[in-house]
Amino acid sequence: MVEDTWRKATKLAGVEAILFVDEPWEGFDELAQDRPIRLQSQGSLGSRMYSCFQLLREDNFKSSLIIGTDSPTVPESHLRTAFSLLGADDDAVLGPTEDGGYYLVGCGAPRQNMFAGVPWSSTETFARTLNSFEAEGYRTRRAPPWWDVDSPDDLDRLICSDAGPSVREWIEGQGSPPPVQGD
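So, here's what we can say about the structure.

Cut-offs used in this document
- Residues numbered from 1 in each chain as written.
- Predicted model: local features only at pLDDT ≥ 70, side-chain atom pairs only at ≥ 80, totals over all residues.
- Heavy atoms only, no water.
- Helix = DSSP H or I, 4+ residues; strand = E, 2+ residues; numbered from the N terminus.
- Expected span 1.5 Å × (residues − 1).
- Buried < 20%, exposed > 50% of the residue type's maximum accessible area, 1.4 Å probe, protein only.
- Contact = heavy atoms within 4.5 Å.
- Disulfide = S-S within 2.5 Å.
- Core = buried A, V, L, I, M, F, W, Y, C linked by side-chain atoms within 4.5 Å.
- Pairing = 2+ DSSP bridges.

### Describing helix H3 (residues 45–58)
Item 1. The end-to-end C-alpha distance of H3, which contains 14 residues, comes to 20 Å, matching closely the 20 Å that a straight helix rising 1.5 Å per residue would cover.
Item 2. Three or more residues of H3 are buried, namely Gly46, Met49, Tyr50, Ser51, Cys52, Phe53 and Leu56.
Item 3. Each element contacted by the buried residues of H3 is listed here: strand E1 (19–21), strand E2 (37–39), strand E3 (64–67) and strand E5 (102–107).
Item 4. Positive phi appears at Asn60, one or two residues downstream of H3, with a value of about 75°.

Here it is, written out as C-alpha cells:
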C-alpha cells in the first residue's frame, strides 16, 4: 500500500514528495529512489504528524500534505484537489474517510495543539480534528471523501478494487492476506 500511495504522490506536478517512515529499511531506499526519506518522531499519531509538518515548515515549505498509506486507491484527483485548497498559513485540509477518520491532512503553518484531544482510530477522529483545527484558527476545507483499509471488510474491499500494481501483485501472490492494523 505504501508503494502505490507513494507512486501517486510522486506523480503530482509541482509537488516535492518526501517519504516519512517509522523506521529505516532498505526497501524504503529503493522505493524513494532519489527523493528524500525522513524518520518520523516518536509518540502518538498526532505528535508524529505535527512533527512532520514542523520539519517541513523549517525546510521552507509554504504548505504540506500528509497522505495516509492505508488509502492506496485514492484517486490522484483527490490529492490534487487537497493541494489546491492550501494557500495561506491559516489554511488546512482534511480528506474524510467513510469510517470517521481521514486519509489526508494538510496545513500551511503547523500549530502546537492542532491535534490536541483527537482520539485516533475512532469514528470521532475526523470530527475532533476538525474541532481542534477550528480552535487553532485554521480555515479548514474538505477534500473529496474516500475510504481506507482498517478492518477485514476494508481488506476485502481493497481486494475487489482497482488497486495499484503493488497491491495487485501482493493480492495475486498471497494465499491469505496479512492482518490489518488500524491507524
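Following the structure, the description resumes.
### Description of the state of the cysteines
Put plainly, two cysteines are in a disulfide when a covalent bond ties their sulfur atoms together.
Item 1. The final tally for this structure, using the stated rule, is 0 disulfides.
Item 2. Left without a disulfide partner, Cys52 is nearest to the cysteine sulfur of Cys107, which lies 11 Å away.
Item 3. Since its relative accessible area comes to 7%, Cys52 is described here as buried.

### Here's the deal with the nonpolar core
Item 1. Among the nonpolar cores identified, the biggest contains 19 residues, and Phe53, Tyr102, Val105, Met114, Phe115 and Phe133 are the most heavily contacted of them.
Item 2. Elements supplying a minimum of two residues to this core: H3, strand E4 (91–96), E5 and helix H5 (125–135).
Item 3. Here this core gets 5 residues from one element, more than from any other, and that element is H3.
Item 4. Every residue in contact with Tyr102, bar those within four places of it in the chain, is listed here: Met49, Leu94, Gly95, Pro96, Thr97, Phe115, Trp120, Thr125, Phe126 and Thr129.
Item 5. The next biggest cluster of nonpolar side chains, apart from the first, holds 13 residues, and it includes Ala9, Ala82, Leu85 and Leu104.

### Thoughts on the pairing of E5
Item 1. With 6 of its 6 residues buried, E5 lies for the most part within the structure.
Item 2. Bridge count for E3 against E5 is 4 bridges, and the pairing is antiparallel. Pairing of Leu65 across the sheet is with Gly106, part of E5.
Item 3. One ladder, built from 5 bridges, connects E4 with E5; its direction is antiparallel.

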